[in-house]
Amino acid sequence: MALHFTMAFAFGLLGNIISFLVCLAPMPTFYKIFKKKTSEGFQSLPYVIALFSAMLWLFYAIFANDATLLITINSATFLMETAYIVIYLFYASKKDRILTTKLVLLFNVFGFGLVFVIAMFLTHGKERVKVLGWICMVFALCVFVAPLGIVRKVIKTKSVEYMPFALSFFLTLSAIMWFFYGFLKKDVFVAIPNILGFIFGILQMLLYVIYRKPKNTLEKPTLDEISEHVIDVAKLSANACSEISSAVVAPENISNDNVQGNHVMEQPKQINPDKDLSDTV
């Protein structure tokens, strides 16, 4: 029992450290926002969802048995995500500020308010912990399924531009730590969602390995690409030559009108005999 407790604490502590590092991931984004003095081009939804998730897990951990490590990480996440949203609102345009306010009201006020009412007034004791656990688990599963949109985009575009490897790696590592924490603590509400998180994390890293493009290597053009390039160059050179020839002939037309007139008059005389011969043949 002591070994299980020690291992659970170790995995929970590692989960705290890794999850905190994941929370620091948006720092470069907000540095850009601070530098540009505008949040245009960035979305506030991920931070609103992260704040809502932290609120749910913190509420669950308060009533769960011996969940100090859940309280610590979700308290830190709550503070950081709140700070991110405040900074976003400060630099957001009027349209984005209104949208973000609506999202905060929907998820963090009315959504959490509904959960609070259900937990505090409709359930009691162990039943309350179970209801809160189910709510947290379902929401966590939905959050882990969300990257499927990015996975689909990577497969469609064959590019990992929108799926940083480092973030996928740390999210996978975090899922492993929290799975073993929940498993050793016999907390299915923590363990089960992280199984899905681990699977999707591995999937994202595999896609990164498959579709990543080395920066220092040059792609060899295929035969089709070479032929298309040759055709394009031929067309370009033909067009250029025709433009040059027309540009050269134009001044001659201006300066030597009489010579050109004589040449034009003589040309039918040279062609007509050949035309007559072709007709007789």
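To be clear, the structure that these remarks concern was listed above.
Let me begin by describing the structure that accompanies this report. Every value quoted in this text rests on a predicted model; they were computed, and no experiment measured them.

Attention shifts here to the packing of aromatic side chains. Two measures describe an aromatic ring pair: the distance that separates the ring centres and the angle between the ring planes. Per the stated rule, a full pass over the model turns up 20 aromatic pairs. Relative to Tyr84, the ring of Phe30 lies with its centre 4.7 Å away and its plane at 10 degrees, an arrangement referred to as stacked. Of this pair, Phe30 sits in helix α2 (residues 27–36) while Tyr84 sits in helix α4 (residues 68–91); the two residues are 54 residues apart in sequence, bridging distant segments of the chain. For the pair Phe30 and Tyr84, a shared accessibility class is recorded, and that class is buried.

This paragraph deals with the side chain of Thr100. As for its position among the elements, Thr100 is in helix α5 (residues 94–121). Judged by its relative accessible area of 1%, Thr100 is buried. Engagement of the side chain of Thr100 in a polar contact is seen with the side chain of Ser44, the distance being 2.8 Å. Setting aside chain neighbours within four positions, we find Thr100 in contact with Ser44, Ile85, Tyr88 and Leu89.

Next up on the list: the pattern of salt bridges. On inspection of all chains with the given rule, the structure shows 1 salt bridge. Measuring nitrogen to oxygen at the nearest pair gives 2.9 Å for the salt bridge that ties Asp66 to Lys185. Taken as a pair, Asp66 in the loop between α3 (45–63) and α4 and Lys185 in the loop between α8 (165–184) and α9 (188–211) lie far apart in primary sequence, 119 residues in all.

Conventions adopted
- Residues numbered from 1 in each chain as written.
- Predicted model: local features only at pLDDT ≥ 70, side-chain atom pairs only at ≥ 80, totals over all residues.
- Heavy atoms only, no water.
- Phe/Tyr/Trp six-rings, centres within 6.5 Å; stacked < 30°, edge-to-face > 60°.
- Helix = DSSP H or I, 4+ residues; strand = E, 2+ residues; numbered from the N terminus.
- Buried < 20%, exposed > 50% of the residue type's maximum accessible area, 1.4 Å probe, protein only.
- Polar contact = N/O pair within 3.5 Å; in protein donor to acceptor, adjacent residues only side chain to side chain.
- Contact = heavy atoms within 4.5 Å.
- Salt bridge = Lys/Arg side-chain N within 4 Å of Asp/Glu carboxyl O.

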